[in-house]
Amino acid sequence: MSRRLQAALVALALLPSLAGSAQLALPSSAPSRPAPGQEGPTPGSSLPTIEVVGLNGVDYTVDFPASGPTTVLLFFVTSCPVCKRMVPEWNKAFEAKAEGLKVLGVSMDKPAPGFFDVVRFSFPVVVTRQPRQLARDVNLQHVPLAVRVGPGGKVEDVAAGEVPAERVQKLFAPPAR
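Residues numbered from 1 in each chain as written. Predicted model: local features only at pLDDT ≥ 70, side-chain atom pairs only at ≥ 80, totals over all residues. Heavy atoms only, no water.

Draft legend 1. The overall build of the chain, seen in detail. A tally of helices and strands in the chain yields 5 helices and 7 strands. For the chain, the N- to C-terminal ordering of α and β elements is α-β-β-β-α-β-α-β-α-β-β-α. Residue burial in the chain is summarised as follows: out of 177 residues, 45% are buried. Sequence-distant contacts, at least 24 apart, represent 69% of the contacts inside the chain between residues at least 6 apart. Surface exposure of the chain reaches about 9,100 Å², of which carbon and sulfur atoms provide 55%. (Helix = DSSP H or I, 4+ residues; strand = E, 2+ residues; numbered from the N terminus. Buried < 20%, exposed > 50% of the residue type's maximum accessible area, 1.4 Å probe, protein only. Contact = heavy atoms within 4.5 Å. Areas by Shrake-Rupley, 256 points an atom, 1.4 Å probe, with all protein chains shown as cover.)

This is the structure:
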């Protein structure tokens, strides 16, 4: 099966807000493609600036300045049962996180009314404005996806799917500087 077709099928299965659109396939000229089988961005690669909207309706730009903090991005879809199972673990790690570490949840779909009344997050959450583009930019093939990003947008670590508490704690550990 071609890489383009695989990407389109995964997007349709995992990102309900994208259903009906088969244009998730990466163009053949896309820079820095991850290795086959790589979940999310490759450690050592760089993440681009991300355009999002806060739950308050305000637009934000998430960038990674060279002198900025380490950031953990937690990508999820509100209808994903595995994502919902990871939220308590993410909350615990956030509440015990290293000083200076930033954490941001990124919903890849528009949350249903009342979702955040049922599923509680201890950390800030935003919604992507362009889920297809962001999925391409970060090689989002499955959710949940946790990405630890250092200053300058350099990817330090990636954890995909349901991961044990020890692995989550590693993502939230103090930056090695």
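Draft legend 2. How the structure looks around the side chain of Thr 128. Relative to the elements of secondary structure, Thr 128 occurs in strand E5 (residues 125-128). Residue Thr 128 is classed as buried on the basis of its relative accessible area, which comes to 8%. At 3.3 Å, the side chain of Thr 128 and the backbone nitrogen of Gln 130 are in polar contact. Here Thr 128 is in contact with Glu 51, Val 52, Val 106, Ser 107, Met 108 and Leu 134, once residues within four sequence places are set aside. (Polar contact = N/O pair within 3.5 Å; in protein donor to acceptor, adjacent residues only side chain to side chain.)

Draft legend 3. Structural view of the environment of Gly 150. Within the element layout of this structure, Gly 150 appears in the loop between strand E6 (145-149) and strand E7 (155-160). Sequence separation between Gly 150 and Ala 176 is 26 residues, and the spatial gap between their C-alpha atoms is 9.8 Å. Setting aside chain neighbours within four positions, we find Gly 150 in contact with Phe 64, Pro 69, Thr 70 and Glu 156.

Draft legend 4. The arrangement of the pairing of strand E2 (residues 59-62) in detail. Pairing of strand E1 (residues 50-54) with E2, which is carried by 4 bridges, proceeds in the antiparallel orientation. Looking at the pairing, Val 53 lines up with Asp 59 of E2. Following E1, the chain reverses through 4 residues before pairing antiparallel with E2; Gly 57 in that reversal takes a positive phi of roughly 90°. (Pairing = 2+ DSSP bridges.)

Draft legend 5. Seen up close, the pattern of salt bridges. Applying the stated criterion to the full structure yields 5 salt bridges. For Arg 85, the salt bridge goes to Glu 162, with nearest N and O atoms at 3.0 Å. Here Arg 85, found in helix H2 (residues 81-95), pairs with Glu 162, found in the loop between E7 and helix H5 (165-171); they are 77 residues apart in sequence, far enough to count as distant. The class of Arg 85 is partly exposed, set by a relative accessible area of 46%. The class for Glu 162 is partly exposed, based on a relative accessible area of 47%. The residue Asp 157 makes a salt bridge to Arg 167 at a minimum N-O spacing of 2.7 Å. Of this pair, Asp 157 sits in strand E7 while Arg 167 sits in helix H5, placing them 10 residues apart in sequence. (Salt bridge = Lys/Arg side-chain N within 4 Å of Asp/Glu carboxyl O.)

Draft legend 6. Representation of unusual backbone geometry in the model. The step from Val 143 to Pro 144 runs through a cis peptide bond, and the omega angle for that step is 0°. With respect to the element layout, Pro 144 can be found in the loop between helix H4 (131-137) and E6. Positioned with a positive phi, Asn 139 is a non-glycine residue whose angle comes to about 55°. Topologically, Asn 139 is positioned in the loop between H4 and E6. With relative accessibility at 8%, the residue Asn 139 sits in the buried group.

Draft legend 7. Structural context of the packing of aromatic side chains. Scanning all chains against the criterion turns up 7 aromatic pairs. When the ring of Phe 115 is compared with that of Phe 116, the centres are 5.0 Å apart and the planes differ by 85°; the resulting orientation is edge-to-face. Between Phe 121 and Phe 123, the aromatic rings sit 5.4 Å apart at their centres with planes inclined by 90°, giving edge-to-face as the arrangement. A relative accessible area of 4% means that Phe 123 is categorised as buried. Members of the aromatic cluster, each reached through a chain of ring pairs, are Phe 76, Trp 90, Phe 94, Phe 115, Phe 116, Phe 121 and Phe 123. (Phe/Tyr/Trp six-rings, centres within 6.5 Å; stacked < 30°, edge-to-face > 60°.)

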